[in-house]
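Summary of structural features
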Amino acid sequence: MQGLLRRACVLAAALVIAPLAPSYAASSPHAATSSAGCGADAPQDPGSSVLRTLTSDGRERTYQLHLPDGYSPAKSWPLIVAYHGRGNTGAGTEAFSRLSTLPAVVAYPDGVVGTGDGDRQAWQGAPYAAAGVDDVRFTGDLLDRLEDDLCVDTRRVYATGKSNGAGFTGLLACRMAGRFAAVAPVAGAFYPGTGTDCRPSRPVPVIDFHGTGDATIPYTGDEDRGLPAIADWVAGWAGRDRCATRLPDEVTEPDITTSRWTDCARGAEVTHVAVTGGGHTWPGADGYSGGGYTTQTIKAHAVMWDFFAHHRLPQPSHRPRTTR
């Protein structure tokens, strides 16, 4: 297929064609909102990934920054922030996720070593996360830095993550709905701390991926750890976004079932992609991404890119800066 991919009426069709995601153009017919970094020299070469540092709340933090091939400060680019799973790193997530193949700036931040957890880095909201670390604030500081240094379309900023990092995207959807246009958790660990008193400032589009055979974060939930059934978590977002219609489930053989909620408030949409027998893995991963079966029927990075391409933040008025 050449040129732009046509949005299918049912996401099941998109699941089949999504691996062709690089054919999506970085530009769009929608008005972009350019960040302060437009016109500034790039801090690294296009197509490269570099480990960078940032001070947030008095603590030095690190993140892997990838600039897409063809990056130019003369036009604004989508931005994806990808959060690793417990004990992983930003660079490790880049290695298997294929997010750096997309026509977008991608930042892979690193968490802080959790309490009583050896040397395993983690994110706020999980019971094993480091005490006193404000990863929501860090995320705001990171967005400020990226928008100051790079030419970013501030209406097209998205969050994704794996496992504990995916759970953290749920917290960001609750608390930072004014800065993220959509979120895409993969194999999410949605501990109570990621969703307590969740009152987003706007309906947030969500696309969720989870394997039904996940032995680490069970699809049916884990009451002892406070983990909800994934179907309940997704339905909760459909209710929060005031979605009026649930479409019939669509099956993409041999192992993908897609559920969609539409007619949501302010153009939001909620989608759930279930991998039959899938493990604690990233669909379509290049290399090891967790235990259990990894489907290659779809590529998570391509399917979420198709979803992201149809969701933007409303035109902003004044956005207050995060204090650094």
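Residues numbered from 1 in each chain as written. Predicted model: local features only at pLDDT ≥ 70, side-chain atom pairs only at ≥ 80, totals over all residues. Heavy atoms only, no water.

Evaluated as defined, the whole model comprises 3 disulfides. What pairs with C243 in a disulfide is C264, and their sulfur atoms sit 2.0 Å apart. Classification of the bridge connecting C243 and C264 rests on its S-S torsion, roughly 100°, and on that basis the disulfide is right-handed. A residue pair is termed long-range when its members are at least 10 positions apart, and C243 in the loop between α5 (230-240) and β10 (245-246) and C264 in the loop between β12 (256-262) and β13 (270-275) qualify at 21 residues. In terms of burial, C243 and C264 fall into one category: buried. (Disulfide = S-S within 2.5 Å. Helix = DSSP H or I, 4+ residues; strand = E, 2+ residues; numbered from the N terminus. Buried < 20%, exposed > 50% of the residue type's maximum accessible area, 1.4 Å probe, protein only.)

Judged by nonpolar contacts, the single largest core of 47 residues is most densely connected at F180 and W237. Once residues within four sequence positions are removed from consideration, F180 is found in contact with V81, Y83, T139, L143, V157, Y158, A159, L172, R202 and L313. Formed by 29 residues, the second largest nonpolar core is a distinct cluster that contains Y158, F209, I298 and L313. (Core = buried A, V, L, I, M, F, W, Y, C linked by side-chain atoms within 4.5 Å. Contact = heavy atoms within 4.5 Å.)

What follows concerns the pattern of salt bridges. By the definition in use, this model includes 9 salt bridges. Taking the shortest distance from any N to any O, the salt bridge between R199 and D197 comes out at 3.1 Å. Looking at D197, the relative accessible area reads 56%, which means it is exposed. Linking R260 and E269 is a salt bridge whose minimum nitrogen-to-oxygen distance equals 2.6 Å. Classification of E269 as buried rests on a relative accessible area of 7%. Look at the salt bridges and you will find they share partners, linking D144, E147 and R179 into a network. (Salt bridge = Lys/Arg side-chain N within 4 Å of Asp/Glu carboxyl O.)

Interpreting fine coordinate detail is not advised for predicted regions of low pLDDT. In this model, the protein carries an average pLDDT of 90, and 87% of its residues clear a pLDDT of 70 or more. Low pLDDT, under 50, characterises residues 1-29; the stretch is placed with 55 contacts to residues that sit more than four places away or in other chains. (pLDDT = per-residue confidence, 0-100.)

Turning to the environment of E60, a few remarks are in order. For E60, the location among the structural elements is in strand β2 (residues 59-66). Classification of E60 by relative accessible area gives exposed; the value is 59%.

Let's shift gears to the packing of helix α3 (residues 135-149) against helix α4 (residues 164-175). At a closest axis distance of 11 Å, the pairing of α3 and α4 adopts a crossing angle of 75°. On the basis of their axis angle, the class for α3 and α4 is roughly perpendicular. Contacts from D135, V136 and T139 of α3 reach α4 at F168, L171, L172 and R175. (Axes fitted to C-alpha atoms, helices over the stretch in contact; angles between N-to-C directions. Parallel < 35°, antiparallel > 145°, perpendicular 65-115°, else oblique.)

Turning to helix α6 (residues 300-308), a few remarks are in order. Side chains three or four residues apart in an α-helix point the same way, a direct result of the helix having 3.6 residues per turn. Burial within α6 is extensive, with 9 of its 9 residues counted as buried. Among all positions of α6, only A300, H301, A302, V303, M304, W305, D306, F307 and F308 are buried.

Attention now moves to α5. Three or more residues of α5 are buried, namely I230, W233, V234, W237 and A238. On an axial view of α5, the arc spanned by its buried residues comes to 145°, and they lie on one face. Opposite the buried face of α5, at more than 90 degrees from it, the exposed residues are D232 and G239. Elements that come into contact with the buried residues of α5 comprise α4, β8 (182-186), β9 (206-211), β12 and β13. A positive phi of about 55° marks R242, the residue just after α5. (Arc of directions from axis to C-beta.)

Turning next to the packing of aromatic side chains. Under the definition given, this model contains 9 aromatic pairs. An angle of 65° between the planes, with centres 6.0 Å apart, marks the rings of F96 and W282 as edge-to-face. On the criterion of sequence distance, the pair formed by F96 in helix α2 (residues 90-97) and W282 in the loop between β13 and α6 is long-range, its members being 186 residues apart. Here F96 and W282 have matching classes, each one buried. Seen in terms of ring centroids, Y128 and Y191 are 5.6 Å apart; in terms of plane orientation they differ by 90°. Their pairing is edge-to-face. (Phe/Tyr/Trp six-rings, centres within 6.5 Å; stacked < 30°, edge-to-face > 60°.)

Once that is clear, we can look at unusual backbone geometry. Note that the residue after E253, namely P254, is joined by a cis bond; omega there is 5°. Following the sequence through the fold, P254 ends up in the loop between β11 (250-252) and β12. Residues other than glycine seldom take positive phi values, yet D57 does so here, at roughly 55°. Structurally, D57 is set in the loop between β1 (49-56) and β2. According to the relative accessible area criterion, D57 is partly exposed, its value standing at 45%. Despite not being glycine, S163 has its phi angle at roughly 60°, a positive value. Its place among the elements puts S163 in the loop between β7 (152-162) and α4.

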